[in-house]
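# Chains, contacts and geometry: an overview
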Amino acid sequence: MKKSWKLISMLCTLTLLVTALAACSGSNSPVATNAANATNEATNAPKDTETPSKDIPTLVWWTIGGQVPNNFSKAIDAMNAYTAEKIGVKIDIKVASWGEWDTKINTIVNTGEPFDIMFTNSGKYSKQVAMGAFADITDLVQSETPDLYKLIPEKVWDGTKIGGKYYSVPTYKDSALTQYWVYDDKYVQKYNIDINNIKTLQDLDAPLHSIKAGEGKSFYPLPMTQGEGLNGFFNNYDDLTLGFSPIGVKTDDASRTVVSVLEQPDIMADLKLLHQWYQDGIINPDAPTKTESDKGRPFFAAQAFPGAEVSWQINDAVQKYDMVQHFGPIYTTSTIQGSLNAISANSKYKNEALKYLELVNTDPKLRNMLAFGELDVDYKNVDGEKVIERTSDTWPLAAYSQATFFNLAVTKGAPEDQWDQVKKLNDAATSSSLLGFALDISNLQTEVANCQSVWDKYKYELITGASDPEKVIPKLTAELKSAGMDTIMTAAQEQINNYFK
């Protein structure tokens, strides 16, 4: 009898101790969780049985997006509860805004700030690989995450290769580039614009001036930001995955000749037109310094896919956008590298990071949570995980930057066969004359960095129309040559010739 009372007394003491620890540490802390587990084991398990606890790693994922809403942490907590149970991994998503992304990601890579996963693209990827920022996952992705490896077509994997190796997981989506003009339908109707016959910038001149004349001095029919200018402006030139617009090869050039893009007659003509629009008030005067676009744009250009306008309508609070294809689809190595997620070379959790990316690419529930936010707050399920309805416009993460589209729900209002249509675009795509080629810059890093610095001085004003290209381009080209552009072009031509022997 005494032994029984002693055992009860010991259990009560242990329970009080656990309660105190939980109160001090917080109910979700590892201390509280492990203590609670200890109580259960002491009560239910045999005396000589000891079950060790296992820490769940939390991966840092840097990505691009908008302003983080108040419910962001709550939405991430829901994802973490799900993934902790599924694969024993949690995520800490860090969001660099559209305007600060270039600077922020450069700083992280240059300073060695710890991370596990990072969104990147063709403008940065080859440079980051050359700097040793990303892990070689060539063997790991096949041995540890075979479902992920099988999901993505070989052509898309090959488009990520640098030096014959994989350093990232490509986002398998509209991997072939298709470019669209996007119009607010109320202006299309008001000014009777024949949107189906507008294919070039010159075709846009008359309707944009009509809108400007009708809406007044303070209205800008083609609003721009510094980071993008007019999306797709350099699409006719393959940038060799350099992410540096002044050097390229015309996508349909069978000779694969490397050229100074800014000096080409077609580019010069379009830059002159942009400058004229800027002077005429078609483009907003603060475009070279504006970092974030406003909602409700009357017109913009975008790389997109059928049904993409539905999300834009929600985000921009526009009743209806009309979207018209005017370029592509076309595969280039850069379009495949347009959305990638790489794993840090210094990550302690490379296997876990790959498993997380595999889950995002293969699990519709997690895919929707990342793309749309908190269930029943930012979106609600209409047809299981196949169709959702957006119920807020504040979720900041860019769906294109995360994982495949082909396990993502269709947003209510978009075509039910939306993702089938995207696959058809991929299947119908032509190929750049350089498809498969990626410039190796390991021996060109100084020249690339110097040229990029020169381009950064001029590009915002040039691509938004603020600068007169006839005055700026000769000066810019001279500075680029002094910075090593000719060296890059010569090396690029040699590499291309050797690659396509």
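### Topic: the overall build of the protein
When you go through the protein residue by residue, the secondary structure sums to 19 helices and 15 strands. Counting across all 501 residues of the protein, residues that qualify as buried make up 51%. Expressed as a percentage of contacts within the protein between residues at least 6 apart in sequence, the contacts between residues at least 24 apart total 73%. Of the accessible surface of the protein, which amounts to about 23500 Å², a share of 49% is contributed by carbon and sulfur atoms.

### Some remarks on the sheet that holds strand β14 (residues 410-411)
Pairing is mixed across the open sheet formed by 3 strands, whose spatial order is β12-β13-β14. The sheet is open, and its two edges are formed by β12 (379-383) and β14, each paired on a single side. The pairing of β12 with strand β13 (residues 387-390) spans 4 bridges and is antiparallel. Within β13, the position partnered with Lys 380 by the bridge is Glu 389.

### With respect to the pairing of strand β9 (residues 299-303)
On a regular strand, one side chain projects to one face of the sheet and the next to the other, so that they alternate. Of all 5 residues in β9, 4 are buried; the element is thus mostly enclosed. Here 5 bridges tie strand β5 (residues 177-184) to β9, and the two strands are oriented antiparallel to one another. Note on β9: the bridge partner recorded for Tyr 183 is Phe 299.

### Here's the deal with the environment of Trp 312
Relative to the elements of secondary structure, Trp 312 occurs in helix α12 (residues 308-316). With 130 residues separating them in the primary sequence, Trp 312 and Val 182 have C-alpha atoms 9.8 Å apart. Those residues in contact with Trp 312, other than ones at most four positions away along the chain, are Val 182, Phe 300, Ala 302, Ala 304, Ala 317, Tyr 321 and Met 323.

### Let's talk about the sheet that holds strand β8 (residues 259-260)
Strand order in the open sheet formed by 3 strands is β6-β7-β8, with antiparallel pairing between adjacent strands. The open sheet is flanked by β6 (237-238) and β8, the only strands paired with a single partner. As defined by bridge partners, strand β7 (residues 247-250) adjoins β8 across 2 bridges and the pair is classed as antiparallel. In the sheet register, Gly 248 faces β8, and the bridge partner there is Val 259. Where helix α19 (residues 485-499) meets the sheet, its contacts fall on β7 and β8, and the angle it forms with β7 comes to roughly 40°.

### Considering a negative patch on the surface
Together, Asp 383, Glu 416, Asp 417 and Asp 420 line one region of the surface with negative charge. Assignment of secondary structure puts Asp 383 in strand β12.

### Description of the pattern of salt bridges
The full count for this structure, using the stated rule, is 19 salt bridges. Glu 215 serves as the salt-bridge partner of Lys 190, at 2.8 Å between the closest nitrogen and oxygen. Here the residue Lys 190 occupies a position in helix α9 (residues 185-190), and Glu 215 occupies one in helix α10 (residues 201-215), the gap between them amounting to 25 residues. Taken together, the shared-partner salt bridges in this structure form one network comprising Lys 380, Glu 389 and Lys 412.

### Describing the pairing of strand β2 (residues 90-97)
Summarising the sheet, strand β1 (residues 58-65) and β2 pair through 8 bridges and their orientation is parallel. Looking at the pairing, Thr 63 lines up with Val 95 of β2.

### Re unusual backbone geometry
Backbone torsion omega between Gly 328 and Pro 329 reads 5°, so that peptide bond is classified as cis. Within the secondary structure layout, Pro 329 lies in strand β10 (residues 321-331). The phi dihedral of Leu 240 is positive, around 65°, even though this residue is not glycine. Locating Leu 240 in the fold gives a position in the loop between β6 and β7. Looking at Leu 240, the relative accessible area reads 1%, which means it is buried.

### What to know about helix α11 (residues 265-279)
Across its 15 residues, α11 extends 21 Å between first and last C-alpha, which sits within 8% of the 21 Å expected from 1.5 Å per residue. The set of residues buried in α11 consists of Ile 267, Asp 270, Leu 271, Leu 273, Leu 274, His 275 and Trp 277. Residues of α11 that are buried make contact with α10, β6, α17 (445-463) and α18 (469-483). Gly 281 lies just past α11 and shows a positive phi near 80°.

### Observations concerning the packing of aromatic side chains
As enumerated under the stated definition, the model contains 21 aromatic pairs in all. Between Phe 405 and Trp 419 the ring centres are 4.9 Å apart and the planes differ by 40°, which places this aromatic pair in the tilted class. Taken as a pair, Phe 405 in the loop between β13 and β14 and Trp 419 in helix α16 (residues 418-428) lie far apart in primary sequence, 14 residues in all. Exposure class is identical for Phe 405 and Trp 419. Each is buried. Through pairs of rings, three or more aromatic residues link up here, namely Trp 101, Phe 119 and Tyr 400. Positioned over the ring face of Phe 300 is Arg 297, at 3.8 Å from the centre of the ring. Sitting above the plane of the Phe 406 ring, Lys 423 keeps its charged end 4.9 Å from the centroid.

### Digging into the side chain of Glu 358
As for its placement among the helices and strands, Glu 358 is situated in helix α14 (residues 350-362). Here Glu 358 is buried and forms no salt bridge, its nearest opposite-charge partner Lys 355 lying at an N-O distance of 5.5 Å. A polar atom in the side chain of Glu 358 sits 3.2 Å from the backbone nitrogen of Leu 148. Not counting chain neighbours up to four residues away, the residues in contact with Glu 358 comprise Thr 145, Pro 146, Asp 147 and Leu 148.

### Brief notes about the confidence of the model for the protein
Per-residue pLDDT for the protein averages 88, and the proportion of residues at 70 or more is 89%. Counting contacts from residues 1-53, a segment whose pLDDT is below 50, to residues more than four positions away or on other chains yields 19 contacts.

### Here we look at helix α3 (residues 72-87)
Spanning 16 residues, α3 covers 22 Å between terminal C-alpha atoms, matching the ideal 22 Å at 1.5 Å per step. Within α3, the full set of buried residues consists of Phe 72, Ala 75, Ile 76, Met 79, Asn 80, Tyr 82, Thr 83 and Ala 84. Gly 88, located one to two residues past α3, shows a positive phi value of around 70°.

### Observations concerning the environment of Leu 59
Looking at the element boundaries, Leu 59 is found in strand β1. Aside from chain neighbours lying at most four places away, what touches Leu 59 is Val 89, Lys 90, Ile 91, Asp 92, Asp 116, Ile 117, Tyr 349, Glu 352, Ala 353 and Tyr 356.

Reading guide: rules and limits
- Residues numbered from 1 in each chain as written.
- Predicted model: local features only at pLDDT ≥ 70, side-chain atom pairs only at ≥ 80, totals over all residues.
- Heavy atoms only, no water.
- Helix = DSSP H or I, 4+ residues; strand = E, 2+ residues; numbered from the N terminus.
- Buried < 20%, exposed > 50% of the residue type's maximum accessible area, 1.4 Å probe, protein only.
- Contact = heavy atoms within 4.5 Å.
- Areas by Shrake-Rupley, 256 points an atom, 1.4 Å probe, with all protein chains shown as cover.
- Pairing = 2+ DSSP bridges.
- Axes fitted to C-alpha atoms, helices over the stretch in contact; angles between N-to-C directions.
- Patch = residues over 30% accessible without salt bridge, like charges linked within 9 Å, V, L, I, M, F, W, Y side chains within 5 Å.
- Salt bridge = Lys/Arg side-chain N within 4 Å of Asp/Glu carboxyl O.
- Lys, Arg positive; Asp, Glu negative; His and termini not counted.
- Charge placed at Lys NZ, Arg CZ, Asp CG, Glu CD.
- Expected span 1.5 Å × (residues − 1).
- Phe/Tyr/Trp six-rings, centres within 6.5 Å; stacked < 30°, edge-to-face > 60°.
- Lys NZ or Arg CZ within 6 Å of the ring centre and 35° of its normal.
- Polar contact = N/O pair within 3.5 Å; in protein donor to acceptor, adjacent residues only side chain to side chain.
- pLDDT = per-residue confidence, 0-100.

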